[in-house]
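# Chains, contacts and geometry: an overview
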Amino acid sequence: MVEAVLIDLFSPPAKLQNNIQELLHNTLETIEKCSSIHAPCVYVMCCQRPGSERKGEQEFLLPTRRGFQRLKRRLEVVCALTTAAALYTIKQRLDEKDLSIIKVIVPTSRKDLMKVYIDHLFTAVYQFEFKDLRVVSDCESLQISEPECEGQTLPSQDVALIQSEIQMYLESLPSLKGELTILRSTLIPGDIFLHGFTTRTGGISYIPTLSSCNLFSSSKRRDPQVVVKENLRRLANAAGFNPEAFHRVKIDHANAVCIMGKTEPVSYDGIVTNQKGVTLAAPGADCIPVLFADPVRKACGAAHSGWKGTLLGVSMATVNAMVSEYGCNLKDILVVLGPSVGPCCYKLPHESAKEFHRIDPECVRLFDSASPYIDIRRATRILLERGGILPENIQDDSITDQNQNITFCTACHPDKFYSHFRDGANFGTQIGFISIKD
């Protein structure tokens, strides 16, 4: 069932450009007569008229809208200077109402262009169906019909212009939820390495569970890649790294490690390098983003350690890669555990808890319960120490620093961090990142 109708009148047919009120009225009237187009919400996107920012485009179009309020439809006209701005505003309205199935009524000449905008600003969560809006012969009446044929691919230069327009618009948006904040460890020497752990503030993601500095996009979430890219750009500016030399692990919840400069595995939860200026990153939204630094050999790494990866030894696999690839000495490697879910909040089924109990009984609380509490940080520390990392070279300040300046419990601090455990499937993601300074 269609949940919303989007009418693109941003660049209307030439014959009707001079009277946007009449065009809007005729379009809505045509929709009302079309039994196949019914939705509780109707959004109309228009180009903002010169001077309309002073008196308000909504006021300008009010006579047209008033005639359709009696039809018990929620009708909203969105006017903006660019298509990107108008469409992104409508996306916000759709997300506020959790709407995903949209019928798009668009002039035939703009259909291919509109599809490119939608591909960049939306994810696979949304379903779009297109209908053509055409002027019939010389009578200037409108007709809404099924597309006559599949759209054509836009020239690459047109796609590049659209991408640039979207990027410029997103860059103009204010940061949400406060300034961008980076947590840094005192264990990792700042004269050699650039590093940090992000919090959830200072980005442009607006969906509550993703707001505001979400740094991961997937087909199952509503944050598109362009928004995540803008959040990353802002982080890179604040931290001082090059976003074009940024490499994030490709999560598999296992223990594979990528060696920068060698063939990249299909998926991996650890990554290491000795190249200067290359930033490595591991995500976390309850799972532990773990950073590794060897100031002697000048090598570094990052790992994503969830409960499965912890049991599979992803942290020691990352350490071993640094030793074998770059000649690092175990006693020189520094390890910092980032914000992650604590044993105060994290539960697993009893069968999974048994594996942590085998590592150390103190990794499990209420072991005899159906869902014991698990300490994946303690398990990670124990496995690292057993592998040869010195205890004093491991920072988990949930036990060593009463101020807890880095290893916060993500589930306990909704103002600071994202949490899958707390927020459910549409959760945001923070990261830990590290690079060797030039």
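Where an unreviewed UniProt entry is consulted, the protein appears under the name Purine nucleoside phosphorylase LACC1, with the organism given as Climacteris rufus. Per its UniProt entry, the protein bears the Subunit (unreviewed entry) comment "Interacts with FASN. Interacts with SDHA. Interacts with ATF6, EIF2AK3 and ERN1."

What follows is about the packing of aromatic side chains. Counted according to the given criterion, the structure contains 9 aromatic pairs. Ring geometry for Phe-122 against Tyr-126: centres 4.9 Å apart, planes inclined by 85 degrees, an arrangement best described as edge-to-face. Both residues of the pair, Phe-122 and Tyr-126, belong to the buried class. Taken together, the aromatic side chains of Tyr-88, Tyr-169 and Tyr-206 make up a single cluster linked through ring pairs.

Think of a sheet as strands paired side by side through backbone hydrogen bonds, with each pair either parallel or antiparallel. One open sheet accounts for 5 strands, arranged β7-β8-β19-β12-β9; its pairing is mixed. Each edge of the open sheet is held by one strand with a lone partner, namely β7 (182-183) and β9 (246-248). Bridge count between β7 and strand β8 (residues 193-198): 2 bridges; the pairing is antiparallel. Its bridge partner being in β8, Leu-183 is matched across the sheet by Phe-197.

Across its 13 residues, helix α10 (residues 314-326) extends 18 Å between first and last C-alpha, which sits within 8% of the 18 Å expected from 1.5 Å per residue. Among the residues of α10, Val-314, Ser-315, Met-316, Thr-318, Val-319, Ala-321, Met-322 and Tyr-326 are the ones counted as buried. If you follow the buried residues of α10, they end up packed against β10 (257-259), β11 (270-273), β13 (288-294), β14 (299-305), α9 (307-311) and α12 (376-386). Where α10 terminates, the next one or two residues include Gly-327, which has phi positive at roughly 70 degrees.

Another aspect to go through is the pairing of strand β1 (residues 4-9). In terms of burial, β1 is a largely internal element, 6 of the 6 residues being buried. Of the pairings in the sheet, the one linking β1 to strand β4 (residues 101-107) comprises 4 bridges and is parallel in character. Residue pairing in the sheet places Ile-7 in a bridge with Ile-105 of β4. As paired elements, β1 and strand β2 (residues 41-47) share 6 bridges and run parallel to each other. Pairing of Leu-6 across the sheet is with Tyr-43, part of β2.

With mixed pairing, 6 strands are arranged side by side in an open sheet as β10-β11-β14-β13-β15-β18. Sheet topology places β10 and β18 (394-395) at the edges, where each strand pairs with a single neighbour. The pairing of β10 with β11 spans 3 bridges and is parallel. Residue pairing across strands places Ile-259 opposite Val-272, the latter belonging to β11. On top of the sheet, α10 reaches β10, β11, β13 and β14; it is set at about 160 degrees to β14, its chief contact.

This part is about the pairing of β11. Side-chain alternation along β11 places Gly-270 and Val-272 on one buried face and Ile-271 and Thr-273 on a second face that is also buried. Where β11 meets β14, 4 bridges bridge the pair, whose relative direction is antiparallel. The partner of Thr-273 across the bridge, within β14, is Cys-300.

Let us now look at the side chain of Arg-222. Its location among the elements puts Arg-222 in the loop between β8 and α8 (225-239). From its side chain, Arg-222 meets the backbone oxygen of Leu-99 in a polar contact 3.3 Å long. Among the polar contacts listed, one links the side chain of Arg-222 to the side chain of Ser-100, at a separation of 2.6 Å. Discounting chain neighbours no more than four positions away, the residues touching Arg-222 are Lys-91, Leu-94, Asp-95, Asp-98, Leu-99, Ser-100, Thr-123, Val-125, Tyr-126, Ile-207, Leu-210 and Asn-426.

Here the focus is the pattern of salt bridges. Scanning all chains against the criterion turns up 19 salt bridges. Linking Arg-222 and Asp-98 is a salt bridge whose minimum nitrogen-to-oxygen distance equals 3.0 Å. Here the residue Arg-222 occupies a position in the loop between β8 and α8, and Asp-98 occupies one in the loop between α5 (83-96) and β4, the gap between them amounting to 124 residues. A salt bridge links Glu-129 to Lys-103; its shortest N-O distance comes to 2.9 Å.

As a further point, take unusual backbone geometry. Residue Ser-212 follows Ser-211 across a cis peptide bond; omega there is 5 degrees. Tracing the chain through its elements places Ser-212 in the loop between β8 and α8. Unlike most non-glycine residues, Lys-177 shows phi in positive territory, near 65 degrees. Following the sequence through the fold, Lys-177 ends up in the loop between α7 (156-172) and β7. Positive phi is not limited to glycine here, since Asp-286 has a value of about 115 degrees. Summarising the element assignment, Asp-286 is placed in the loop between β12 (279-284) and β13.

Conventions we followed
- Residues numbered from 1 in each chain as written.
- Predicted model: local features only at pLDDT ≥ 70, side-chain atom pairs only at ≥ 80, totals over all residues.
- Heavy atoms only, no water.
- UniProt positions renumbered as here; feature names shortened; annotations may be inferred.
- Phe/Tyr/Trp six-rings, centres within 6.5 Å; stacked < 30°, edge-to-face > 60°.
- Buried < 20%, exposed > 50% of the residue type's maximum accessible area, 1.4 Å probe, protein only.
- Pairing = 2+ DSSP bridges.
- Helix = DSSP H or I, 4+ residues; strand = E, 2+ residues; numbered from the N terminus.
- Expected span 1.5 Å × (residues − 1).
- Contact = heavy atoms within 4.5 Å.
- Axes fitted to C-alpha atoms, helices over the stretch in contact; angles between N-to-C directions.
- Polar contact = N/O pair within 3.5 Å; in protein donor to acceptor, adjacent residues only side chain to side chain.
- Salt bridge = Lys/Arg side-chain N within 4 Å of Asp/Glu carboxyl O.

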